[in-house]
Amino acid sequence: MLWYSSRGCIGQCEKTGCVGERCFSHCRFLSDGASVDGPWYMQEPLYLRWKQWDCQSDCRYYCMLDRERDRAGSGQDPVKYHGKWPFKRVYGIQEPASVALSALNLAMHFHGWLSFFILLHYKLPLKADKKPYYDYAGLWHIYALVSLNAWLWSVVFHSRDVDFTEKLDYSSAVAVLGYSLILAILRSFNVRAEAARVMVAAPLLAFTTTHILYLNNFKMDYGWNMKVCVFMAVAQLLIWAVWAGVARHPSRWKLWLVVVGGSFAMLLEIYDFPPYGGFVDAHALWHATTIPLTYIWWSFIKDDAEFRTSNLLKKVK
Ligand SMILES: [Zn+2]
């Protein structure tokens, strides 16, 4: 029911370009049709698409503000719109706190990956063919790329929430969870043979891909997606926790920290609350907690590279 009236407002707005008294230039442009006078670039399909996205975004935002004003007037609590709480915009950015925190996460992953790369290639001894001894290097490089991609789309999505940015953010986040579950299994069970790695990865990659296709092409089901994500997150946290308990890894305390911190962070995603002052909600706080966790995590990965390299070198001698 709540959805219906909000949808009605958005549909109306996209046609007329107005919510109540307020009208948006982006939408007026669209309603004039394609044959508008103006410089050549205003006739370009991509430019028109941008306008359409801006119009959709403005309509959603002002319809949401209107509804929230009505709800607050009758003493009701805020509700979610498109899976997100009503936020106040700053310079057209929808969730400035989440944008800044996502950017910091992105920087953290880049820093971690870069220092991992320098450690492997310039500080640790290399094999005769100039390749690192660490047999999980390639898997962590892919992990870095998958994570950087996810945080990049998180920055974009929290700046401007429209269908395609939302799909890219959710899909990229699912990809990180699916991939890091594979990594958790491969590393903790010490799977090194190529064939065995493929056997572990294939079903999980198939599942992750199917889920992403489902969200994008069938139904953007926030509740179901949350269940799938929590399942994948809990599975890998458990695997790392058990491994930290069983394996005598010299840096297992860093694993413990990430497991405990990660579990608390996950609770923020599950026990959601509306934005404080219109700015900081549970999701933004969740993005804040992953910044120190990312630092500790890459620090563990680097320790693991050193540890395994020295073990492998002992075996060689
Ligand atoms: Zn986010």
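- Named according to an unreviewed UniProt entry, the protein chain is Post-GPI attachment to proteins factor 3 originating from Escallonia herrerae.
- Regarding the protein chain, the UniProt comment filed under Function (unreviewed entry) reads as follows: "Involved in the lipid remodeling steps of GPI-anchor maturation."
- Looking at the protein chain in UniProt, the text filed under Sequence similarities (unreviewed entry) is "Belongs to the PGAP3 family."

**So, the nonpolar core**
- Counting residues in hydrophobic clusters, the biggest one holds 33 residues, and the most contacted among them are F116, L177 and I301.
- Apart from the residues lying within four places of it in its own chain, the contact partners of I301 are F116 and W140.
- C13, C59, Y61 and Y81 belong to the second-largest nonpolar core, a separate cluster that totals 11 residues.

**Examining the UniProt feature "transmembrane region" (unreviewed entry) in the protein chain**
- Mapped onto the present numbering, the UniProt feature "transmembrane region" (unreviewed entry) falls on residues 99-122, 134-156, 168-186, 198-216, 222-243 and 283-301.
- End C-alpha atoms of residues 198-216 are separated by 26 Å, and the span's content is 100% helix alongside 0% strand.
- Secondary structure content for residues 222-243 is 100% helix and 0% strand, and the end C-alpha separation is 31 Å.

Conventions adopted
Residues numbered from 1 in each chain as written. Predicted model: local features only at pLDDT ≥ 70, side-chain atom pairs only at ≥ 80, totals over all residues. UniProt positions renumbered as here; feature names shortened; annotations may be inferred. Core = buried A, V, L, I, M, F, W, Y, C linked by C-beta atoms within 7 Å. Buried ≥ 20, exposed ≤ 12 C-beta atoms within 10 Å, placed from the backbone. Contact = placed C-beta atoms within 7 Å. Helix = DSSP H or I, 4+ residues; strand = E, 2+ residues; numbered from the N terminus.

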